[in-house]
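One letter stands for each residue in the lines below.
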Amino acid sequence: MANRIQKDDIVKLISGAKKGTTGKVVRVLTKKNAVLVEGIGVSHRKVKPSQTNPTGGHKDIHVPTPLHKVALVVDEKSAATSRVGYVKNADGEKVRLARQAKNKEIK
């Protein structure tokens, strides 16, 4: 399921507090079945003082979003989403298809 959504894809949140927001995928975490989306799920972490950082402070981190809460955006203008399918083309390569866009190939 994790390779249906890849890095640099535009996704839309379909459930949760930030439902309807879109963002670019920064990283896919296959073992956790989650993605890191740019601008969504950014949290703050406190950093203890150390020799390299004597004052300590705050650090922004990404919190993973589960894959079942995101959908691939096919058309960026209308923010239309689609499920993803696979088929082998004439060269024998595996190609991603947008099911709701009448099996249009995803670049």
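Now for a quick tour of the structure. Note that the coordinates shown come from a computational prediction; the quantities given were computed from them, not determined experimentally. (Residues numbered from 1 in each chain as written. Predicted model: local features only at pLDDT ≥ 70, side-chain atom pairs only at ≥ 80, totals over all residues. Heavy atoms only, no water.)

1. Regarding the pattern of salt bridges
Thinking step 1. Per the stated rule, a full pass over the model turns up two salt bridges.
Thinking step 2. Here Asp9 ties to Arg96 by a salt bridge, and the two come within 2.9 Å at their closest N and O atoms. Of this pair, Asp9 sits in the segment before strand 1 (10–13) while Arg96 sits in strand 10 (residues 94–98), placing them 87 residues apart in sequence. Residue Asp9 shares its accessibility class with Arg96, and that shared class is buried. (Salt bridge = Lys/Arg side-chain N within 4 Å of Asp/Glu carboxyl O. Helix = DSSP H or I, 4+ residues; strand = E, 2+ residues; numbered from the N terminus. Buried < 20%, exposed > 50% of the residue type's maximum accessible area, 1.4 Å probe, protein only.)

2. Here we look at the sheet that holds strand 3 (residues 34–37)
Thinking step 1. Taken in spatial order, the six strands of this open sheet run 6-3-2-1-7-8, and their pairing is antiparallel. The sheet is open, and its two edges are formed by strand 6 (65–66) and strand 8 (80–82), each paired on a single side.
Thinking step 2. Note that strand 7 (residues 70–75) and strand 8 share three bridges and pair antiparallel. In the sheet register, Leu72 faces strand 8, and the bridge partner there is Ser82. (Pairing = 2+ DSSP bridges.)

3. Comments concerning the layout of surface pockets
Thinking step 1. Size it by volume and the largest pocket reaches roughly 250 Å³.
Thinking step 2. Along its surface, the largest pocket is lined by 14 residues, and Val70, Ala71, Ser82, Arg83 and Val84 are the ones closest to its centre.
Thinking step 3. Among the secondary structure elements, those contributing two or more residues to the lining of the largest pocket are strand 7 and strand 8.
Thinking step 4. No other element matches the three residues that strand 7 contributes to the lining of the largest pocket.
Thinking step 5. When its volume is computed, the second largest pocket comes out at roughly 180 Å³.
Thinking step 6. Every residue along the wall of the second largest pocket is listed here: Asp8, Asp9, Ile10, Leu72, Val73, Val74, Glu76, Lys104, Glu105, Ile106 and Lys107.
Thinking step 7. For the lining of the second largest pocket, the secondary structure elements donating two or more residues are strand 7 and strand 11 (104–105).
Thinking step 8. For the lining of the second largest pocket, the element with the highest residue contribution is strand 7, accounting for three residues.
Thinking step 9. In terms of residue class, the lining of the second largest pocket is made up of five nonpolar, no polar and six charged. (1 Å grid on protein atoms, 1.4 Å probe; cavity = no way out; pocket = protein on both sides within 12 Å on 5 of 7 lines; lining within 4 Å. Points joined across faces, edges and corners; volume = space filled by probe spheres on them. Nonpolar A, V, L, I, M, F, W, Y, C, P; charged D, E, K, R; others polar.)

4. Details of the nonpolar core
Thinking step 1. Formed by Ile5, Val11, Leu13, Val25, Val35, Val37, Ile40, Leu67 and Val70, the largest nonpolar core amounts to nine residues.
Thinking step 2. Put simply, the parts of the chain that give this core at least two residues each are strand 1 and strand 3.
Thinking step 3. Residue contacts for Val70: discarding those within four places in its chain leaves Ile5, Val11, Lys12, Leu13, Ile14, Val35 and Thr65. (Core = buried A, V, L, I, M, F, W, Y, C linked by side-chain atoms within 4.5 Å. Contact = heavy atoms within 4.5 Å.)

5. Remarks on the pairing of strand 3
Thinking step 1. On strand 3, burial covers both faces: Ala34 and Leu36 on one face and Val35 and Val37 on the other are all buried.
Thinking step 2. Direction of pairing for strand 2 (residues 22–29) relative to strand 3: antiparallel, over a ladder of four bridges. Within strand 3, the position partnered with Val25 by the bridge is Val37.
Thinking step 3. Taken together, strand 2 and the strand that follows it, strand 3, pair antiparallel across an intervening segment of four residues, in which Asn33 is found at a positive phi of about 55°.
Thinking step 4. As paired strands, strand 3 and strand 6 are joined by two bridges and run antiparallel to one another. In the strand pairing of strand 6, Val35 is matched with Thr65.

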